[in-house]
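# Coordinates in review
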Amino acid sequence: MVCVGTNVSSRGTTPPSNITKDGAYLNKIPLRRLLIVLGDQLSRDNPALRDLDPQLDLIWMCEARGEATHVPSHKARTVLFLAAMRHFREQLQADGLRVRYLELEAHDHPTLDAALSADLANLKPQQVCMTQPGEYRVLSALRSTCVSAGVALHCLEDDHFLCSTDEFAHWAEGRKELRLEHFYRWIRKRDDILMDGGKPTGGTWNFDKHNRKNFGKRGPGTIRPPLGFEPNAITRDVMQLVERHFPAAPGQLQHFDWPLSAEQAQAALEDFIAHRLSDFGPYQDALWSGEPYLYHARLSAALNLKLLHPRQAVDAALNAHQQGQAPMASVEGFIRQILGWREYVRGIYWRNMPGYLEHNLLQAQQPLPDFYWTAETDYACLQAAIGQVLEYGYGHHIQRLMVTGLFALLLGVEPVQIHTWYLAMFVDAVEWVEAPNTIGMSQFADGGLLASKPYAASGAYIQRMSNHCSQCRYDPKQATGESACPFTTLFWDFLDRHQQRFAKHPRSALMWRNLQRLPSEKLVSIRKQAAALRQQLA
Ligand code: FAD
Ligand code: SF4
């Protein structure tokens with residue numbers, strides 16, 4: 001990846017006497033390499049740590065206030081990162097490695113780069129080494145810091161993914177469109193996953209038509225809760241720290257039980273494979289109030305912090321299928337998310353940064369409604385999805401895409417505002433994965449770089465996939481009047497407002513054709529009701 005400055009040279013084998021075991025520096029003898037480990041790089045196999053010499057190199061980790069405030073980070077998200085970092089520090093120190101770890105209360109640098117800048121001046125390493133961060137913002141800030149300090153920065157490819165940025169670029173080269181489906185088939189063939197003699201196992205590349213079930217009126221019944229992890233003393237300390245320092249941050253901590261170490265992540269994966277994978281496929285699009293996880297894996301945070309390698313997740317699902325413990329539709333559905341979507345969105349992010357966050361194809365300018373931060377709304381589906389995010393820091397994919405994301409799309413919220421919300425509110429939010437999902441998939445703001453058409457739908461979709469509408473004072477069938485469902489009003493209004501752009505689009509024309517069937521006086525009332533809604537929510 002990126003290298004700035006000159007090559008580092010070994011200074012022989014004498015340990016730098018200026019560094020104590022806990023990384024405090026005692027005098028001015030420069031060390032060889034400062035190895036930065038960021039909060040989402042907590043793998044013992046982190047490339048930056050691979051050829052480290054404990055005598056010559058120092059690991060550097062920092063709890064920076066700015067990382068918890070540049071977006072108003074959910075308390076559970078901040079606890080997750082800091083507690084997992086502290087657990088990782090313990091592990092490194094137990095392995096005899098020296099770590100300079102700046103705890104939040106032990107320094108007053110506002111940002112990661114300010115803290116690094118001060119330590120570069122004091123420690124004077126010959127080189128800084130790190131694995132590629134998950135955010136362009138962090139990469140540029142740390143790069144500039146090293147340039148200003150005149151220290152070489154060696155930035156390594158993050159191989160905690162199944163497709164490198166170079167491999168993605170190679171795949172993308174010369175293609176008119178970068179579609180998930182093509183990428184997914186390519187990587188399945190490349191890695192020989194779910195393939196039989198060059199053909200997809202089971203005779204088809206996807207089992208989507210088996211995977212769109214709802215729970216019907218009777219609901220999902222009793223679903224075994226996912227394995228959770230009681231906060232230990234380290235985590236409890238961090239929870240208090242976060243309450244003390246970020247009292248106004250959104251979200252609550254009472255359900256905090258996320259995996260915080262590689263061992264816990266492995267146990268969470270095994271729990272998912274044994275108890276939920278079988279039903280993951282058919283019900284992956286279903287919603288049910290009071291059921292935050294349903295059959296979802298709850299593994300994204302562990303994957304994104306690098307506590308779990310995606311290959312572990314893929315292999316565990318393949319193994320379950322071979323043992324006859326999970327049907328093909330579920331196994332393929334799960335592998336598509338990890339091997340397909342997760343790798344694909346990362347490729348899209350790095351290929352289009354900087355600049356990706358500024359996309360606003362549909363020229364959406366509406367402010368994000370205040371209830372996104374409080375859940376204080378009488379729209380039952382939004383109340384459930386946002387209330388759940390505040391409580392757990394989690395929403396499953398359909399809650400994100402087809403409830404909170406859909407409403408923002410139809411209302412016409414400025415993409416950067418809804419992007420900030422998604423980055424702030426979910427424990428698994430890291431920009432490389434959040435931004436393409438929000439700006440591209442959910443808001444269609446990138447003009448189809450990622451999705452082939454907008455994910456637009458009326459209240460009827462939510463009615464079909466959930467029990468929310470039966471508990472709501474609005475009626476998903478009504479587009480106008482007192483009981484009109486806001487999704488339905490705004491859906492028709494969305495079709496109307498963007499008719500010119502999409503009516504001839506091959507993948508979306510059908511949806512727009514329905515608009516032609518609407519009587520013109522009905523359309524006038526819809527426009528009026530949508531305008532009033534926008535005014536009320538501004
Ligand atoms: P499951 O539904 O059980 O899926 C299994 C795994 O597949 C997940 O753990 C995840 O690693 C991967 N996966 C599934 N869908 C996607 C996807 N579309 N993109 C990338 N990986 C995927 N995911 C994040 O990890 N961080 C985010 O900040 C994030 N923001 C999102 C914002 C929006 C608007 C949308 C629509 C989706 C977002 N996603 C994000 C993707 C997806 O919703 C989450 O990965 C998933 O809900 C996490 O829950 P789970 O582990 O139970 O996943
Ligand atoms: Fe949501 Fe509309 Fe259904 Fe109410 S009626 S729950 S607002 S989709």
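Residues numbered from 1 in each chain as written. Chains lettered and ligands numbered in written order. Predicted model: local features only at pLDDT ≥ 70, side-chain atom pairs only at ≥ 80, totals over all residues. Heavy atoms only, no water.

A separate point is the overall build of the protein. Broken down by element type, the protein carries 22 helices and eight strands. Whereas a compact globule of 538 residues would reach a radius of gyration of roughly 24 Å, the protein reaches 24 Å, a difference of no more than 12%. The principal-axis extent of the C-alpha atoms belonging to the protein is close to 85 × 55 × 50 Å. Among the 538 residues that make up the protein, the fraction classed as buried is 58%. Contacts in the protein between residues at least 24 apart in sequence constitute 76% of all its contacts with a sequence separation of at least 6. (Helix = DSSP H or I, 4+ residues; strand = E, 2+ residues; numbered from the N terminus. Rg over C-alpha atoms; globule rule 2.2 N^0.38 Å. Buried < 20%, exposed > 50% of the residue type's maximum accessible area, 1.4 Å probe, protein only. Contact = heavy atoms within 4.5 Å.)

Many authors give the size of an interface as the accessible area that is lost as the parts come together. We note that the domain assignment places domain 1 (33–156), domain 2 (165–226 + 276–338) and domain 3 (370–537) within the protein. Each of domain 1 and domain 2 has a C-alpha centre, and these two points are 32 Å apart. Between domain 1 and domain 2, the contact holds nine residues from the first and six residues from the second. Contact between domain 1 and domain 2 buries roughly 530 Å² in total, counting both sides, with carbon and sulfur atoms accounting for 65%. The largest contributions to the domain 1 side of the interface with domain 2 come from Asp40, Leu42 and Leu80, which together make up 57% of the buried area. At the junction of domain 1 with domain 2, the criterion picks out zero salt bridges. Counting across the interface, domain 1 meets domain 2 through two residue pairs in polar contact (both at pLDDT 80 or more). Residue composition of the side of domain 1 that touches domain 2, grouped by class: four nonpolar, four polar and one charged. (Domains from an automatic or database assignment. Buried area = accessible area lost by both parts, 1.4 Å probe. Salt bridge = Lys/Arg side-chain N within 4 Å of Asp/Glu carboxyl O. Polar contact = N/O pair within 3.5 Å; in protein donor to acceptor, adjacent residues only side chain to side chain. Nonpolar A, V, L, I, M, F, W, Y, C, P; charged D, E, K, R; others polar.)

Below, the discussion takes up the side chain of Thr201. Tracing the backbone through its elements, the reader meets Thr201 in the loop between β8 (199–200) and α7 (233–245). Using a relative accessible area of 17% as the deciding quantity, one classes Thr201 as buried. When sequence neighbours within four positions are dropped, the list of residues in contact with Thr201 reads Arg188, Leu194, Met195, Asp196, Phe207 and Met328.

Now for helix α16 (residues 415–425). Burial within α16 is extensive, with eight of its 11 residues counted as buried. The inward-facing, buried residues of α16 contact α2 (75–94), α13 (371–374), α14 (380–392), α15 (397–411) and α17 (431–442).

All right, on to the site of ligand 2 then. Near ligand 2 lie 13 residues; those nearest to it are Cys381, Cys469, Cys472, Tyr474 and Cys485. Listing elements by their share of the shell around ligand 2, those giving two or more residues are α14, α18 (459–465) and α19 (486–497). Split by residue class, the shell around ligand 2 holds 11 nonpolar, two polar and no charged. (Near = heavy atom within 4 Å.)

Right, let's talk about helix α11 (residues 310–322) for a bit. With 13 residues, α11 should cover 18 Å at 1.5 Å per step; its first-to-last C-alpha distance of 19 Å lies within 8% of that length. Those residues of α11 that fall on the buried side of the exposure criterion are Pro310, Ala313, Val314, Ala316, Ala317, Leu318 and Ala320. Packed against the buried residues of α11 are α8 (262–275), α9 (277–280), α10 (300–304) and α12 (328–352). Positioned one or two residues after α11, Gly324 has a phi angle of 75°, which is positive. (Expected span 1.5 Å × (residues − 1).)

A word on the packing of α8 against α11. Their axes nearest at 10 Å, the elements α8 and α11 cross at an angle of 30°. Between α8 and α11, the crossing angle belongs to the class labelled roughly parallel. Helix-helix and strand crossings are classified by hand; for α8 and α11 the assignment is right-handed. Facing α8, whose interface residues are Gln266, Leu269 and Ile273, α11 presents Gln312, Ala313, Ala316, Ala317 and Ala320. Within the contact of α8 with α11, the residues separate by chemical class into six nonpolar, two polar and no charged. (Axes fitted to C-alpha atoms, helices over the stretch in contact; angles between N-to-C directions. Parallel < 35°, antiparallel > 145°, perpendicular 65-115°, else oblique. Left-handed = near helix turned anticlockwise from the far one by under 90°.)

His296, Ala297, Arg298, Asn304 and Tyr394 are the nearest of the 30 residues found near ligand 1. At 2.7 Å from an oxygen atom of ligand 1 is found a main-chain nitrogen or oxygen belonging to Arg298. The protein chains hide 99% of the 820 Å² of surface that ligand 1 would expose on its own. (Areas by Shrake-Rupley, 256 points an atom, 1.4 Å probe, with all protein chains shown as cover.)

Our next topic: the nonpolar core. Formed by 181 residues in total, the largest nonpolar core has its most connected members in Ile59, Met61, Leu277, Phe334, Tyr372, Leu382 and Phe407. With 13 residues, α12 is the single largest residue contributor to this core. For Ile59, the contacting residues outside a window of four places in its chain are Leu35, Val37, Leu49, Leu52, Leu92, Leu97, Arg98, Val99 and Arg100. Core analysis: the second largest hydrophobic core is formed by seven residues, Ile223, Ala286, Leu294 and Tyr295 among them. (Core = buried A, V, L, I, M, F, W, Y, C linked by side-chain atoms within 4.5 Å.)

The next subject is unusual backbone geometry. Note: most peptide bonds trans; most residues except glycine with negative phi. A cis amide bond, omega -5°, links Met353 with the succeeding residue Pro354. Relative to the helices and strands, Pro354 is located in the loop between α12 and α13. In this model, Leu294 sits at a positive phi of 45°, which is unusual for a non-glycine residue. Tracing the backbone shows Leu294 in the loop between α9 and α10.

It is worth spelling out the packing of aromatic side chains at this point. Working definition: an aromatic ring pair is given by the centre-to-centre distance plus the angle between the planes. Scanning the model with the defined rule gives 35 aromatic pairs in all. On the basis of an interplanar angle of 75° and a centroid distance of 5.7 Å, the ring pair of Trp341 and Tyr344 is categorised as edge-to-face. Taken together, the residues span about one helical turn, with Trp341 and Tyr344 both in helix α12 at a distance of three residues. Take Trp341 and Tyr344: they sit in the same class, and that class is buried. For the ring pair Phe371 and Phe407, a centre distance of 6.1 Å and an interplane angle of 45° mean the geometry is tilted. On the criterion of sequence distance, the pair formed by Phe371 in helix α13 and Phe407 in helix α15 is long-range, its members being 36 residues apart. Assessed through its relative accessible area of 6%, Phe371 is described here as buried. Through pairs of rings, three or more aromatic residues link up here, namely Phe371, Tyr372, Tyr379, Phe407, Trp421, Tyr422, Phe426, Tyr474 and Phe487. (Phe/Tyr/Trp six-rings, centres within 6.5 Å; stacked < 30°, edge-to-face > 60°.)

Quick look at the packing of helix α3 (residues 112–123) against helix α4 (residues 136–149) now. Contact geometry of α3 with α4 gives a least axis separation of 9 Å together with a crossing angle of 25°. The orientation of α3 with respect to α4, classified from their angle, is roughly parallel. Read as a crossing pair, α3 and α4 show a hand that is right-handed. Between α3 and α4, the residues in contact are Leu112, Asp113, Leu116, Ser117 and Leu120 and Val138, Ala141, Leu142, Thr145, Cys146 and Ala149, respectively. Residues of the contact of α3 with α4, tallied by class, amount to eight nonpolar, two polar and one charged.

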